[in-house]
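# Residue-level structure breakdown
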Amino acid sequence: MFTEDQPRIRNWINGQFVDPVSASADAAVQYLPVTSPFNARVIGHVPLSTAADVAQAVASAKEAFPAWSNRTLKDRAGILIRFHSLLTKHADQLADMVVLEHGKNKAEALASVLKGQETVEYALSLPQVAQGKILEVSRGISCYDTRVPLGVVASVVPFNFPVMVPMLTLPIAIAMGNTMVLKPSEKVPFTMTKVVELLKEAGVPDGVVNLVHGTAEPVNALIDHPDVKAVTFVGTSHIAEMVSQRCHKLNKRVLALGGAKNHMISAPDCNIEMTSTDVVNSFSGCSGQRCMAATVLLTIGHQQALVDKIVAKAEALRPGSLAGEVGPVIDQASVDKITRYINEAEASGARILVDGRPWTKSQSEGFWVGPTVILHTNKQDPALHDEIFGPVLSILAVETAEEAIAIENANPYGNAACIYTNSGATADHFIKRFSAGMCGVNIGVAVPREPFSFGGWNKSRFGNHCDITGDGGVEFFSTRRKVTTKWVPQENASWMS
Ligand code: NAD
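Keep in mind that what you see is a predicted model, and the values were worked out from it rather than measured.

## With respect to the environment of Asp-269
Here Asp-269 lies in the loop between strand 12 (262-266) and helix 11 (272-284). With 216 residues separating them in the primary sequence, Asp-269 and Asp-53 have C-alpha atoms 57 Å apart. Those residues in contact with Asp-269 that lie beyond four places of it in its chain are Tyr-420, Thr-421, Asn-422 and Ser-423. In terms of polar contacts, Asp-269 uses its side chain to reach the side chain of Thr-421, at 2.8 Å. Within the local environment of Asp-269, its side chain forms a polar contact with the backbone nitrogen of Ser-423, the two atoms lying 3.4 Å apart.

## Some thoughts on helix 9 (residues 216-224)
By the burial criterion, the buried members of helix 9 are Pro-218, Val-219, Ala-221, Leu-222 and Ile-223. Turning to helix 9, the residues buried within the fold contact helix 2 (51-70), strand 7 (152-156), strand 8 (179-183), strand 10 (228-234) and helix 10 (237-249).

## Quick look at the pattern of salt bridges
Under the counting rule described, the total for this entry stands at 24 salt bridges. The shortest N-O distance in the salt bridge between Asp-19 and Arg-10 comes to 3.2 Å. Residue classification places Arg-10 among the partly exposed positions, given a relative accessible area of 29%. Of the charged contacts in the structure, one is a salt bridge between Glu-273 and Lys-309, with a shortest N-O distance of 3.0 Å. Pair noted here: Glu-273 is in helix 11 and Lys-309 is in helix 12 (residues 304-315), with a separation of 36 residues, a long-range link.

## What to know about the layout of surface pockets
As a volume, the second largest pocket reaches approximately 260 Å³. For the second largest pocket, the lining is made up of 16 residues, of which His-302, Gln-304, Arg-351, Leu-375 and Ala-397 are closest to its centre. Elements represented by at least two residues in the lining of the second largest pocket include exactly helix 12, strand 14 (351-354) and strand 16 (392-398). It is helix 12 that contributes the most residues to the lining of the second largest pocket, four residues altogether. A per-class count over the lining of the second largest pocket returns seven nonpolar, seven polar and two charged.

## Some details on empty space enclosed by the protein
Overall, the coordinates contain three cavities of 30 Å³ or more when judged by the stated rule. Here the largest cavity defines a volume of roughly 90 Å³. Lining the largest cavity are 15 residues; nearest its centre among them are Thr-295, Glu-387, Ile-388, Phe-389 and Gly-390. Counted by class, the lining of the largest cavity contains seven nonpolar, five polar and three charged residues. As a volume, the second largest cavity reaches approximately 60 Å³. Around the second largest cavity sit Trp-12, Gly-15, Val-196, Leu-199, Lys-200, Val-204, Pro-205, Asp-206, Val-208 and Val-209, which together line it. Taken together, the residues of the lining of the second largest cavity break down into seven nonpolar, one polar and two charged.

## Description of unusual backbone geometry
Following Glu-450, the chain continues to Pro-451 via a peptide bond in cis, the omega torsion being 10°. Assignment of secondary structure puts Pro-451 in the loop between strand 18 (438-441) and strand 19 (461-463). Non-glycine residue Asn-251 carries a positive phi angle of around 55°. On the secondary structure map, Asn-251 appears in the loop between helix 10 and strand 11 (253-257). Its identity as a non-glycine residue notwithstanding, Ser-287 has a phi of 50°, on the positive side.

## Topic: the domain arrangement of the chain
By the assigned domains, the chain splits into domain 1 (11-258 + 460-482) and domain 2 (262-441). Summarising the inter-unit geometry, the C-alpha centres of domain 1 and domain 2 are found 31 Å apart. Taken together, the two surfaces of domain 1 and domain 2 that pack against each other cover about 1,700 Å², and 60% of this comes from carbon and sulfur. Contact with domain 2 buries surface across domain 1, with Pro-37, Phe-38 and Ser-460 losing the most and accounting together for 28% of the total. The interface formed by domain 1 and domain 2 holds one salt bridge in total. Across the salt bridge formed by Asp-331 and Lys-187, the nearest N and O atoms sit 3.6 Å from each other. At the boundary of domain 1 with domain 2, the tally comes to eight residue pairs in polar contact (both at pLDDT 80 or more).

## Description of the site of the ligand
Taken together, 27 residues are adjacent to the ligand, and Val-157, Glu-186, Thr-236, Gly-258 and Glu-387 come closest. At 3.1 Å from an oxygen atom of the ligand is found a main-chain nitrogen or oxygen belonging to Phe-159. For the ligand, the protein covers 89% of the area, taking 850 Å² as the surface of the free molecule. Partitioned by chemical class, the residues of the shell around the ligand number 15 nonpolar, nine polar and three charged. Two domains share the shell around the ligand, each providing at least three of its residues, namely domain 1 (11-258 + 460-482) and domain 2 (262-441).

## Re helix 7 (residues 164-175)
Owing to its 3.6 residues per turn, the α-helix brings residues three or four apart onto one side. Across its twelve residues, helix 7 extends 17 Å between first and last C-alpha, which sits within 8% of the 16 Å expected from 1.5 Å per residue. Residues of helix 7 that are buried: Met-164, Val-165, Pro-166, Met-167, Leu-168, Thr-169, Leu-170, Pro-171, Ile-172, Ala-173, Ile-174 and Ala-175.

## Digging into the sheet that holds strand 20 (residues 478-486)
Here three strands make up an open sheet; going across it, the order is 5-6-20 and the pairing antiparallel. Of all the strands in the sheet, the pair left with one neighbour each is strand 5 (134-138) and strand 20. Recorded for the sheet is a direction-independent mean angle of 30° between the axes of neighbouring strands. One ladder, built from nine bridges, connects strand 6 (residues 141-149) with strand 20; its direction is antiparallel. Bridge pairing in strand 20 places Ile-141 opposite Lys-486.

Calculation rules
Residues numbered from 1 in each chain as written. Predicted model: local features only at pLDDT ≥ 70, side-chain atom pairs only at ≥ 80, totals over all residues. Heavy atoms only, no water. Helix = DSSP H or I, 4+ residues; strand = E, 2+ residues; numbered from the N terminus. Contact = heavy atoms within 4.5 Å. Polar contact = N/O pair within 3.5 Å; in protein donor to acceptor, adjacent residues only side chain to side chain. Buried < 20%, exposed > 50% of the residue type's maximum accessible area, 1.4 Å probe, protein only. Salt bridge = Lys/Arg side-chain N within 4 Å of Asp/Glu carboxyl O. 1 Å grid on protein atoms, 1.4 Å probe; cavity = no way out; pocket = protein on both sides within 12 Å on 5 of 7 lines; lining within 4 Å. Points joined across faces, edges and corners; volume = space filled by probe spheres on them. Nonpolar A, V, L, I, M, F, W, Y, C, P; charged D, E, K, R; others polar. Domains from an automatic or database assignment. Buried area = accessible area lost by both parts, 1.4 Å probe. Near = heavy atom within 4 Å. Areas by Shrake-Rupley, 256 points an atom, 1.4 Å probe, with all protein chains shown as cover. Expected span 1.5 Å × (residues − 1). Pairing = 2+ DSSP bridges. Axes fitted to C-alpha atoms, helices over the stretch in contact; angles between N-to-C directions.

Take a look at the structure:
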């Protein structure tokens, strides 16, 4: 079953590729086929690792921890500077891997690698920004605090950004002195196998970063392992909540980012050209498989000119892998889910202004659904409320700003929300009322960039209420040691002395 063009993926433990433990015992390890979304061709096989593989990876990370955490932050950042150069040198190759296994177009894939680089840049600046504080708290007595790494940490990532999402955690976690076991998505396991080789080439010691492939079993084994001190998870909300609850039961530090349903609101005074371009790029970019994608557009009043522009721009999109083209979605289950939501909305009276269903092919020819724009009249349509995770935009006209805010606030997620307007006062009114962690003004994809942290509210984020990346990442991946010192005996000493 394994051939040169359909290779068997291996775990990365202690600086080398290894077969899962069960393979050496009785060859009983199970593999899942990995398919390219463009044409459904099998491009490899990913192992379903078990708790035994996790134990091996955690042991390697634990062994690497004392030496790695004893190096200075500056020393670790120095290694990340070399990693940054290697990522730049190999960005094109990594982007090609992302295109193949994920289905993004090349420009999106390259942008995702470069966005990952931003967190590396932040991590290598930590010697300048992660110092603790010191204060003479009473005469002759000083307090200072330092940030101490946690130990072995785990990172579980989704399929939609094979490099970028791992880079939301890995650089800061290891720069702060932790060692890591990362579990890539079984749907896109290839790209990170190249990244770990680059980490090794940069000088990251063996055992500092390990990869274990598979699905739920290694995730649960990582959570339950007593030597794993913290867990980050990015994926769907129901699994994020399960991961968070499992960690809480063990009193384990956890940050679990979940799904999204992001509302865009267009005020009557919005710039129609800019808004239509942004909204179309946001809902169709990466084939809608972004937790920050625009999924619902609430127009205040019937904004026919804006809707017409959105329709025209969405209709002009073509399938493909080049810049500006729309790639496939990840798998057949995703195609089925997306088309089901479109069918249901149509059956309940919605108008399908742009129909992506004709892009679908037979299952053996790839996983395609085109950009779709739905004009709803029934506020109960599931497409308006559920995360679809495909290139689908739901438009609903509302009467007032307050109605738009009420709809946005009622949705259980809280990743992103955006207001399109030319008025600062209107923007301010909405930003203060959105129930979302990442808000935008005239921005289709309101992703905060380093040094700002990334993270939603409500059912888009579970856990210890830190954000990921930026100072939230530093906070999550370290704990504070507080030190109180006195060197000179004090007269009139109080009980504190
Ligand atoms: P997913 O939840 O299916 O999988 C995420 C990870 O969990 C994968 O590594 C998977 O192998 C693992 N997993 C699967 N079943 C599990 C189980 N029962 N127990 C424990 N782990 C399990 O998500 P996905 O489909 O890969 O990714 C898409 C989702 O991720 C969307 O909901 C999207 O909004 C979300 N996402 C969120 C953010 C964010 O920052 N909030 C960023 C990217 C993606």
